[in-house]
Structures are given as C-alpha cells and as structure tokens.
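# Residue-level structural notes
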Amino acid sequence: MAVERTLSIIKPDAVANNFIGEIYSRFEANDLRIVAAKMALLNKTQAEAFYAVHKERPFYSMLIEFMISGPVMITVLEGEDAIAKYRTLMGATMPEFAAPGTIRYDLAREGKANENAVHGSDAPETAAEEIKFFFKPEEICYRTR
Ligand code: AMP
C-alpha cells in the first residue's frame, strides 16, 4: 500500500443537511488526513468542466443542476490507500444500493434519488486531475505533525 491523495466533495445535499462535521469525523476516524479544504458554490461552467467525462450520459444535466444547487465542501485527503479506502467509506453510487454503515447509506438514503452526499476520485490519475482542478499546489498542506 502507498500513501495516496484523493479528492472528496461533500455535495450540496449533505452540506444543507449539516453533515460536514459527521463526514469529516469519518475521515479522521479512518486515518484520512485533511490536507486542503474549501467551501465553494460552483458555477455551471465549473460543474460542467468537472463532470465533462459524463457529458453524454442521460443524467448529466440533472447532475450539473444538483451540483450547483448549493455550496459544496471540497477536500483533499491523504493516507494509506486513500482512494480505495474513501470509496469504501462512501458506499455504492446509488444510496439505495450502498451498504449499511457507509456515508451514502447513512446520510443520503432518505434524500432524492440522484443526491448521493459525496464524490470521491476513482483512480490515481483522476485523483491527480481532480485535485489540480480545485487546488493550487501551494494550497495543499504538508502535515508536519
Ligand atoms: P462518478 O463520477 O462515478 O462519481 O459519477 C458522478 C455522479 O453522477 C455520481 O456520483 C452521481 O451523483 C451521478 N450519477 C451517476 N450515475 C447516475 C445515474 N444513473 N443517475 C443519476 N445520477 C447518476
């Protein structure tokens, strides 16, 4: 296992439901260190660029409208095997299929079907691209202690 970085977005539904603290607690309890964080209200151009890979998918416009519907909390996480570990913590994309105890099962199952609380990078290459999309290198803090 290697130390990795991954990008987390706490989506507008989870921010509105006051789950930022609950989700950050899960990061810390699972040795995912926060090394950069900011809140942002994405504009349409940013959301479309971030999700450009899904441009042709039928859910694309719904996804964009959802992602700009309120502020999001964008966080870089660092830790052993961080990408897979965070994806396990998130649970399946659709909250109704997520395992009990995952973020999506616990914090998104009661909401609208397409509102799934969190985003996490799916591979080292996408993690690097997604982190660069939102953060300059100097905005990422080395944990010196
Ligand atoms: P991903 O890049 O895999 O995180 O997918 C981006 C986001 O698109 C997911 O987190 C969901 O919010 C949304 N999404 C993916 N598949 C569907 C779907 N079949 N219907 C509606 N939204 C979806």
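Not measured: the values here are computed from a predicted model.

Conventions we followed
Residues numbered from 1 in each chain as written. Predicted model: local features only at pLDDT ≥ 70, side-chain atom pairs only at ≥ 80, totals over all residues. Heavy atoms only, no water. 1 Å grid on protein atoms, 1.4 Å probe; cavity = no way out; pocket = protein on both sides within 12 Å on 5 of 7 lines; lining within 4 Å. Points joined across faces, edges and corners; volume = space filled by probe spheres on them. Helix = DSSP H or I, 4+ residues; strand = E, 2+ residues; numbered from the N terminus. Nonpolar A, V, L, I, M, F, W, Y, C, P; charged D, E, K, R; others polar. Buried < 20%, exposed > 50% of the residue type's maximum accessible area, 1.4 Å probe, protein only. Lys, Arg positive; Asp, Glu negative; His and termini not counted. Salt bridge = Lys/Arg side-chain N within 4 Å of Asp/Glu carboxyl O. Polar contact = N/O pair within 3.5 Å; in protein donor to acceptor, adjacent residues only side chain to side chain. Contact = heavy atoms within 4.5 Å. Pairing = 2+ DSSP bridges. Axes fitted to C-alpha atoms, helices over the stretch in contact; angles between N-to-C directions.

### Remarks on the layout of surface pockets
One number sums up the size of the largest pocket: a volume of about 820 Å³. Forming the walls of the largest pocket are 30 residues, and the residues nearest its centre are Tyr51, His54, Phe59, Leu63 and His119. The set of elements that each furnish at least two residues to the lining of the largest pocket consists of helix 3 (44–50), helix 4 (60–67), helix 5 (82–90), strand 4 (118–120) and helix 7 (124–134). For the lining of the largest pocket, the element with the highest residue contribution is helix 7, accounting for four residues. Residue composition of the lining of the largest pocket, grouped by class: 15 nonpolar, eight polar and seven charged.

### Some points on the side chain of Arg104
Residue position: Arg104 is located in helix 6 (residues 103–108). One buried charge, Arg104, has no salt-bridge partner; the nearest side chain with opposite charge is Asp13, at 8.2 Å. A distance of 3.2 Å separates a polar side-chain atom of Arg104 from the backbone oxygen of Asn116. What Arg104 contacts, discounting residues up to four positions off in sequence, is Met90, Gly91, Ala92, Thr93, Pro95, Ala98, Arg109, Asn116, Val118 and His119.

### As for the sheet that holds strand 2 (residues 33–40)
The strand order across the open sheet built from four strands is 2-3-1-4, with neighbouring strands paired in antiparallel fashion. Of all the strands in the sheet, just strand 2 and strand 4 have a single pairing partner and so form its edges. The mean angle between the axes of side-by-side strands here comes to 20°, regardless of whether they run parallel or antiparallel. Relative to strand 4, strand 1 (residues 3–10) runs antiparallel, the two sharing three bridges. Of the residues in strand 4, the one forming a bridge with Ile10 is Val118. The strands touched by helix 2 (residues 20–29) are strand 1, strand 2, strand 3 (72–80) and strand 4; relative to strand 3, the strand with the most contacts, the crossing angle is about 10°.

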